[in-house]
Amino acid sequence: MSARMLVLWCPDWPVVAAAVAADVPAHLPAAVFAANRVVACSAVARTAGVRRGMRRRDAQSRCPELLVFGVDEGRDARLFEPVAAAVEELVVGVEVVRPGLVAVPVTGAAGYFGGELKLAELLLDQVSGRAGVECQIGVADGLFAATLAAHRSTLVEPGATAEFLAPLGIHELDQPDVDRTELVDLLRRLGLRTLGAFAALTERDVVSRFGSEGLLAHRLARGLSERPPYRRRPPPELGITKELDPPLERIDAAAFVAKTLAETFHAGLAAHGLACTRLGIHAITEHGEELSRVWRCAEPLTPQGIADRVRWQFEGWLRTGGPASGVSVLRLLPEETVEGNSLQLGLWRGGTPGLDDEQADKANRALVRVQGLLGPDSVFTAVLDGGRGPAERVRLVPWGDRRATESPPEMPWPGRLSQPSPATVFEHARPARVLDSLGVDVEVRRRRQLTAPPAAVVLGGEPREVLEWAGPWHVQGRWGAAAGALARIQVLLAGEPELALLLTTTTDKDPQWTVEGVYD
Amino acid sequence: MRFPVFANQCVCTVGNRRGEESVVTVEAPVARLAALPGVSTASGVAAVAEHAQAAGRLLPVRPELRELLPSGGLRRGSTVVVRGSTSLLLALLAEATATGAWAAAVAMPDLGLAAAEEAGVELSRFALVPRPGAEFASVTAALLDGLDLVAVAPVDTSSSVARRLSVRARHRGAVLLSLGPWPGAEVDLACEFAEWSGLEAGYGQLRERRLEVRVAGRGAAARARFVKLSLPGETIAAPGFSWREWTEEEVG
């Protein structure tokens, strides 16, 4: 019998967090998108017909006033910290499963507050009062069943978990943090449409047909604990402690420390054939304040996963003004571990996608070393987003962070320049003057044309003759953005060798030409 | 069976170092020996070995750029100077990164990354260290340890630092590309003449550039020659280009 759990679930958390971060009232329809698909949408959007997995265009056609947000796990985690803190005021042993979902062992607390129902009511009041967030609560045996109970706001009687799960659809196995799409699909095609039907198979058959992954799902469907029962308390020396001097005060510095710490921590566990499923993050500030939080995860944590959670936790703490001073000691403790190979994960490589060959590993080590030399914000990779100008399209992502596009580059961008793009794009655009044949400054007229064909360009020194030119290409200013509309022209300047430039001007009252890039 | 005549090895090198006279004195017996069936000189064996090694240790470049480089690709361990054209540098990086090599650009805050992607550079394997500051040498050295291609924009790099980095590249089998003068480079590509096409008195847009590149350097590239090529190559320009994108704007 697995432990009785209370799960507190904030519905559509990514949307709630995004709306809070953007200061958008809750009654407006909103959705969070990743890779052009809906990841989560608010209840208002749902009534308008928006669904998870829907394309952005479809979603917007059903609900034109839909507010669109990008996915940001850091933001979700950061804003969830107050909720976790509010729960922690009432009960001990709070575990954050993922932003939006908290699990609490229920037995002790229910005894103290006089029943599970009382506890649930108290928690609902506490969370909406303290954190200002709506939530639902479910109680059942085991985390999986409790999560499903929370989705339905029910209290499942002790021992009745299997009956509660039996009529539910098989698709419930596919929870956001574990990808079981394929298994669910297969089971459905085999005619197993409810958890009960799946649970009715014998464990032996399931293992021989679906392997360890299937076994895990089968255990869940039967209402047993989500992990095989041989989990054990790890020997304490696997936890690692790092003294930080100077103390951590900034999130980016914390992220960097987290990365190296996570690697060591993970390697230490892996050396014992273990992987961590519940991670305790403890911090002591300079003033002796102690902060701690436990993160629970359905899958064994990879080094990247550990680093992410440490970073999120820091963001949460620093944002809520938790520590009054910098963090001087950081400790990671494996609260619960599983045998690494029992879950068939590439332990030695850490399972980080894209970093699985030797060459990539070598490159990664070199780049992390450079980050060690210059600081975390010194090594980047570029991601090309949608956009019009050559600089606007490029977003630099610090090395080690996830490379995700924020806006789709394949969408039409009116006013975007065609290929080739300038090979040199100045970080700080350099001023220039564009003159016509009479030596008068060329401007862009209201009817989107140049006052006169450019004849010479002054770049600091002597004016250089314009051999050929093209344009202007106009870009509307963004709604509400401070920068107004822009116009770009390409010019080819005489000289040895010829110089091809991309010039940009603002089209407001006081136009100023700048050299945006060089086609060199 | 072929076997090297080791006795000749030192004679040959001496001959090469001391100059013409000594070469003349040793040339005849070496030639006589080498003419015997089944006998090859040490230098011949070394040349074959070097060629075989080089063939496996070349980083590929796009077909139209092969002519620029003496070995037909970027030889690992070499230093290549590119002057006067950032897009030529990006084009050189393209094929290697696309086939799995890792590259980095040091001290190039103004690099046009949209152009890099259009040139065919795989951005997920292309790291940027825009502001190494005073740590330029140590950063470049660290990158040469782990990456296959390191492009740098040298700013006040002393020749001793430059030489040390070139040696580091040679030891680690990485290719050091410099956007600007670099003492002791194997290959020196200077873009001497460029002619753009596509612009026409207010209409059109920059489309293609014909370059004339002066190839110089040491060893196989010692004799300067000129190579003509056009950038972006035909293969790259076609897919992303669309007239519609801006005519829409012209209308609206």
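Scroll up to find the structure this text is about.
What counts, and at which threshold
- Residues numbered from 1 in each chain as written.
- Chains lettered and ligands numbered in written order.
- Predicted model: local features only at pLDDT ≥ 70, side-chain atom pairs only at ≥ 80, totals over all residues.
- Heavy atoms only, no water.
- Helix = DSSP H or I, 4+ residues; strand = E, 2+ residues; numbered from the N terminus.
- Buried < 20%, exposed > 50% of the residue type's maximum accessible area, 1.4 Å probe, protein only.
- Contact = heavy atoms within 4.5 Å.
- Areas by Shrake-Rupley, 256 points an atom, 1.4 Å probe, with all protein chains shown as cover.
- Buried area = accessible area lost by both parts, 1.4 Å probe.
- Salt bridge = Lys/Arg side-chain N within 4 Å of Asp/Glu carboxyl O.
- Polar contact = N/O pair within 3.5 Å; in protein donor to acceptor, adjacent residues only side chain to side chain.
- Nonpolar A, V, L, I, M, F, W, Y, C, P; charged D, E, K, R; others polar.
- Core = buried A, V, L, I, M, F, W, Y, C linked by side-chain atoms within 4.5 Å.
- Axes fitted to C-alpha atoms, helices over the stretch in contact; angles between N-to-C directions.
- Parallel < 35°, antiparallel > 145°, perpendicular 65-115°, else oblique.
- Pairing = 2+ DSSP bridges.

Student: Explain the overall build of chain B to me, please; I cannot follow it from the model alone.
Tutor: A count of helices and strands for chain B gives nine helices and twelve strands. Split into buried and exposed, the 252 residues of chain B put 50% on the buried side. Across chain B, every contact between residues at least 6 apart in sequence was considered, and the portion connecting residues at least 24 apart equals 63%. For chain B, the exposed area adds up to about 12100 Å²; of that, 55% sits on carbon and sulfur atoms.

Student: What should I look at first to understand the overall build of chain A in this one?
Tutor: Along its length, chain A carries 14 helices and 19 strands. The buried share of chain A, taken over its 520 residues, is 49%. A separation of at least 24 residues holds for 56% of the contacts in chain A among residues at least 6 apart in sequence.

Student: For this particular structure, what's the right way to read the interface of chain A and chain B?
Tutor: Listed per partner, the contact involves 53 residues of chain A and 62 residues of chain B. Where chain A abuts chain B, roughly 4800 Å² becomes buried across the two surfaces, and 57% of that area is made up of carbon and sulfur atoms. Summed over the shared surface of chain A and chain B, the number is three salt bridges. Our count for the chain A to chain B interface comes out at twelve residue pairs in polar contact (both at pLDDT 80 or more). Top contributing element to the side of chain A that touches chain B by residue count: helix α14 (residues 358–374) of chain A, with ten residues. When the residues that make up the side of chain A that touches chain B are grouped by side-chain class, the tally is 30 nonpolar, eleven polar and twelve charged.

Student: Looking at this structure, I do not really get the nonpolar core. What am I missing?
Tutor: Note that soluble globular proteins tend to have their nonpolar side chains buried in a common cluster. If you look at the biggest cluster of nonpolar residues, it comprises 55 residues, and the most contacted ones within it are A:L8 and A:L330. Broken down by element, this core gets its largest block of residues, seven residues, from helix α12 (residues 251–271) of chain A. With residues near it in sequence (within four places) discarded, A:L8 still touches A:V83, A:V87, A:G100, A:L101, A:V102, A:L123, A:V127, A:C135, A:Q136 and A:I137. Among the nonpolar cores identified, the runner-up in size contains 49 residues, and A:L384, B:L90, B:F126 and B:A151 belong to it.

Student: Just checking my understanding: could you explain the pattern of salt bridges for this structure?
Tutor: Any two side chains of opposite charge can pair, on the condition that their charged atoms come close. With the rule as written, the count across this model stands at 28 salt bridges over all chains. The salt bridge partner of A:R293 is A:E88, with a shortest N-O separation of 3.0 Å. Note that A:R293 is positioned in strand β10 (residues 290–296) and A:E88 in helix α4 (residues 73–90), a separation of 205 residues in sequence. The buried category is assigned to A:R293, whose relative accessible area is 2%. Two residues, B:R168 and B:D145, come together in a salt bridge whose shortest N-O distance is 2.9 Å. Of this pair, B:R168 sits in helix α7 (residues 159–172) while B:D145 sits in helix α6 (residues 136–146), and the two are 23 residues apart along the sequence. Through salt bridges with shared partners, a single ionic network connects A:R4, A:E116 and A:D141.

Student: How should the packing of helix α1 (residues 13–22) of chain A against α4(A) be read in this particular structure?
Tutor: The relative placement of two packed helices comes down to the angle between their axes together with the axis-to-axis distance. Residue and element names in this part refer to chain A. Running from amino to carboxyl end, α1 crosses α4 at an angle of 90°, the nearest separation of the two axes being 9 Å. What the angle tells us is that α1 and α4 run roughly perpendicular. Contacts from W13, P14, A17, A18, V20 and A21 in α1 reach R75, D76, L79, F80 and V83 in α4. Here the residues of the contact of α1 with α4 are counted per class, giving nine nonpolar, no polar and two charged.

Student: Teacher, can you tell me more about the side chain of A:S328 here?
Tutor: Mapping A:S328 onto the fold places it in strand β11 (residues 327–339). Discounting residues that sit within four places of it in the chain, A:S328 has contacts with A:K242, A:E243, A:L244, A:P247, A:I284, A:T285 and A:E286.

Student: Help me out: how do you make sense of the pairing of strand β5 (residues 95–98) of chain A in this one?
Tutor: Look at any regular strand and the pattern is simple: side chains alternate between the two faces of the sheet. Residues and elements named next belong to chain A. Judged from the three bridges that link them, β5 and strand β6 (residues 101–105) form a sheet pairing that is antiparallel. The residue of β6 that forms the bridge with E95 is A103. The turn joining β5 and β6, which pair antiparallel and follow one another in sequence, is formed by two residues; a positive phi near 105° is taken by G100. Here β5 pairs with β10 via two bridges, running parallel. Across the sheet, the residue bridging to V96 is W295, located in β10.

Student: Mind showing me how you'd approach the pairing of strand β2 (residues 30–34) of chain A here?
Tutor: All names here are of chain A. When you tally the buried positions in β2, you get four out of five residues, the bulk of the element. Sheet analysis places β2 next to strand β4 (residues 67–70), joined by four bridges and oriented parallel. Its bridge partner lying in β4, V32 is registered against F69. Here four bridges tie β2 to strand β3 (residues 37–41), and the two strands are oriented antiparallel to one another. By the bridge assignment, A34 is partnered in β3 with R37. Following β2, the chain reverses through two residues before pairing antiparallel with β3; A35 in that reversal takes a positive phi of roughly 50°.

Student: What exactly am I supposed to notice about the sheet that holds β4(A) here?
Tutor: Two modes of strand pairing occur in sheets, parallel and antiparallel, and in both the strands are linked by backbone hydrogen bonds. Residues and elements named next belong to chain A. Ordered by their spatial adjacency, three strands build an open sheet running β3-β2-β4, and the pairing between neighbours is mixed. Two strands close off the open sheet at either side, each with one partner strand: β3 and β4. Averaged over all adjacent pairs, the angle separating strand axes in this sheet is 40°, with direction ignored. Seen against the sheet, α1 touches β2, β3 and β4 and runs at an angle of roughly 110° to β2.

Student: I tried to follow the sheet that holds strand β19 (residues 513–519) of chain A on my own but got confused; where do I start?
Tutor: Residues and elements named next belong to chain A. Pairing within the closed barrel is antiparallel, and its six strands lie in the order β14-β15-β16-β17-β18-β19. Each neighbouring strand pair of the sheet contributes to a mean axis angle of 45°, computed without reference to strand direction. Here strand β16 (residues 463–475) pairs with strand β17 (residues 486–493) via seven bridges, running antiparallel. Directly across from V466, in β17, lies its bridge partner L493.

Student: Explanation requested: the environment of A:L187 in the structure shown.
Tutor: Residue and element names in this part refer to chain A. Note that L187 resides in helix α9 (residues 181–189). Here the alpha-carbon distance between L187 and H171, two residues 16 residues apart in the chain, equals 9.3 Å. Residues within four places of L187 in sequence aside, it is in contact with I170, L173, L192, F198 and F210.

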